[in-house]
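These are the residues of each chain, in order.
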Amino acid sequence: MEAPGGHGGRGLPVHESAKASSEGRSARDVQRHRARRLAMVGAVLMLASGAAAKASHCRKDCKQDIKSCLALVPPNKDCTGTKAEKKGCGKTHAAQRKTCRSLTKLCKQQNPSTSGTCLPASTTPSTSTTTTTMARPPTTTTTASTTSTTTTTTSTTTSSTSTTTLVGPITGLHYAPNHNFDSSGNYVPANAGFNLADVSSVSELYSLPGGVKGLVWLGLCNGADSSFLNAVQPFIGDPRVFGFYLMDEPDPTGQWTPLCSAANLLAESDWIHANVPGAQTFIVMINVNTSIVPVYANTYNPGNSHIDLYAPDPYPCRTEVGGCDYSGITSAVAAAEAAGIPPGSIVPVYQAFGGGGYSDDGGGQYTLPTASQEEQILAVWGALVPNPVFDYAYSWGTQNSDQALEDSPALQAVFSAHNATSAGP
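Residues numbered from 1 in each chain as written. Predicted model: local features only at pLDDT ≥ 70, side-chain atom pairs only at ≥ 80, totals over all residues. Heavy atoms only, no water.

## Concerning the overall build of the chain
Reasoning step 1: Summing up its helical and strand segments, the chain has 13 helices and 16 strands in all.
Reasoning step 2: Burial statistics for the chain: of 425 residues in total, 52% are counted as buried.
Reasoning step 3: Contacts in the chain between residues far apart in sequence, at least 24 positions, make up 72% of those at least 6 positions apart.
Reasoning step 4: Surface summary for the chain: the accessible area is close to 17,200 Å², and the carbon and sulfur share equals 53%. (Helix = DSSP H or I, 4+ residues; strand = E, 2+ residues; numbered from the N terminus. Buried < 20%, exposed > 50% of the residue type's maximum accessible area, 1.4 Å probe, protein only. Contact = heavy atoms within 4.5 Å. Areas by Shrake-Rupley, 256 points an atom, 1.4 Å probe, with all protein chains shown as cover.)

## A word on the pairing of strand E8 (residues 241-248)
Regular strands have side chains that alternate between both faces of the sheet.
Reasoning step 1: The element E8 is largely enclosed, with a buried count of eight among its eight residues.
Reasoning step 2: Note that strand E7 (residues 213-217) and E8 share four bridges and pair parallel. Paired with Trp217 across the two strands is Tyr245, which belongs to E8.
Reasoning step 3: After leaving E7, the chain enters helix H8 (residues 226-232) and then returns to the sheet as E8, a path that is right-handed.
Reasoning step 4: Across five bridges, E8 lies against strand E9 (residues 280-284) in parallel orientation. Each residue of the ladder has a partner; that of Met247, found in E9, is Ile283.
Reasoning step 5: Tracing the backbone out of E8, into helix H9 (residues 262-275) and back to the parallel element E9 gives a crossover that is right-handed. (Pairing = 2+ DSSP bridges. Right-handed = clockwise from strand over helix to strand, strands pointing away.)

## Some remarks on the pairing of strand E6 (residues 196-199)
Reasoning step 1: Burial of the side chains of E6 extends over both faces: Leu196 and Asp198 are buried on one face and Ala197 and Val199 on the other.
Reasoning step 2: Relative to E7, E6 is paired through four bridges, and the arrangement is parallel. When the sheet's bridge partners are listed, Ala197 is paired in E7 with Gly214.

## A look at helix H12 (residues 371-384)
Reasoning step 1: Over its 14 residues, H12 extends 20 Å from the first C-alpha to the last, a length consistent with the 20 Å expected when each residue adds 1.5 Å.
Reasoning step 2: Among the 14 residues of H12, eleven are classified as buried, and the element is accordingly described as predominantly covered.
Reasoning step 3: The set of residues buried in H12 consists of Gln373, Glu374, Gln376, Ile377, Leu378, Ala379, Val380, Trp381, Gly382, Ala383 and Leu384. (Expected span 1.5 Å × (residues − 1).)

## Re the packing of helix H11 (residues 327-338) against H12
Reasoning step 1: One way to put it is that H11 packs onto H12 with a least axis distance of 10 Å and a crossing angle of 30°. By the angle between their axes, H11 is roughly parallel relative to H12. The handedness of the crossing between H11 and H12 is right-handed. The segment H11 lies against H12, with Ile329, Thr330 and Val333 engaging Ile377, Val380, Trp381 and Leu384.
Reasoning step 2: Split by residue class, the contact of H11 with H12 holds six nonpolar, one polar and no charged. (Axes fitted to C-alpha atoms, helices over the stretch in contact; angles between N-to-C directions. Parallel < 35°, antiparallel > 145°, perpendicular 65-115°, else oblique. Left-handed = near helix turned anticlockwise from the far one by under 90°. Nonpolar A, V, L, I, M, F, W, Y, C, P; charged D, E, K, R; others polar.)

## A closer look at the environment of Thr398
Reasoning step 1: Looking at the secondary structure, you find Thr398 in the loop between strand E15 (391-394) and strand E16 (403-404).
Reasoning step 2: A relative accessible area of 18% means that Thr398 is categorised as buried.
Reasoning step 3: Thr398 sits 42 residues away from Gly356 along the chain, and the two C-alpha atoms are 9.1 Å apart.
Reasoning step 4: Not counting residues within four places of it along the chain, the set of residues in contact with Thr398 comprises His179, Gln403, Ala404, Glu406 and Asp407.

Structure representation (structure tokens):
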């Protein structure tokens, strides 16, 4: 699970280890097997966007690819947990099957003229012949050394030079919470191009440099009561306010954190919309299942909460996978959409922390992504949520003896480049 963390830890994983300890080893093994099978589907999901072009060969040439892709989606009988969890799992599988069947359309867009091939190959660095079922997201590479040509199922050794282009989400607003202000009150993340600040007071909002807006942290879920009104009213009428971060992974069951009803969030969101015109309301979503098979069903969506923006927060880089399992991002986005979150309302969350006292639900710990891994995280999200209202790097500040953006020049460089080129509409 990716659990709530409150104002001191927005996006903070807390109860994954508790969930993991309650599961038997055999269940975890099944989940890891499922993850490997889903990796292929994740690669397809990364490609599924864009308008189709006419191409007569695609229906025939993609037939076997579609069959192979569908074979990798687990049957719904493999779904476990409560009735709600099983339902959410089934919806995720349905979304994955739909994506498999869209290969013909994708072929018409990306490969209209090459008969005998469904999709064109991409390339990634390698020095040996390998067989792979997990596609790597697009990265920028230019090399005269040995490379491997990777399709969705195999890779073969060649000696050609390749260049592919990384494309992250395109948006004009970039957010990285925690420790945003130094001892002199200066907004520090601006140095890496972040222009949506984590603010909790009017004084912090007033101190922001030009061109930076504030996302006001509330962390309240008692409806539009006096505490809520006292927290929001000081910000009314200030054009620097982008919106309000109502809660971080609110729990509609009360199982992991205090119960937060959709009705209370609806009352808060409606009050803000009525009294702070143009302000957006936002939450990070709670995953009520495992990180391998995420489920957001029966939590919150625009229908029951009137909240504007929602962030699933899969963290792919972990010790137990020996790097980063990017398929978890595609699974999380599919699960969010299955729970009723419109694609345009999804906010991508990029892992930018690791180490420290946090345990994950796979028996390991989160690891700080390398620069190349962060670029791949951006690329995966870029294919799935190409034009979000804003994007979210967790975290600028460290919180539990971990590492984060504030002490990683390499990751700051990655985000500085991303934030500079992702100008948005």
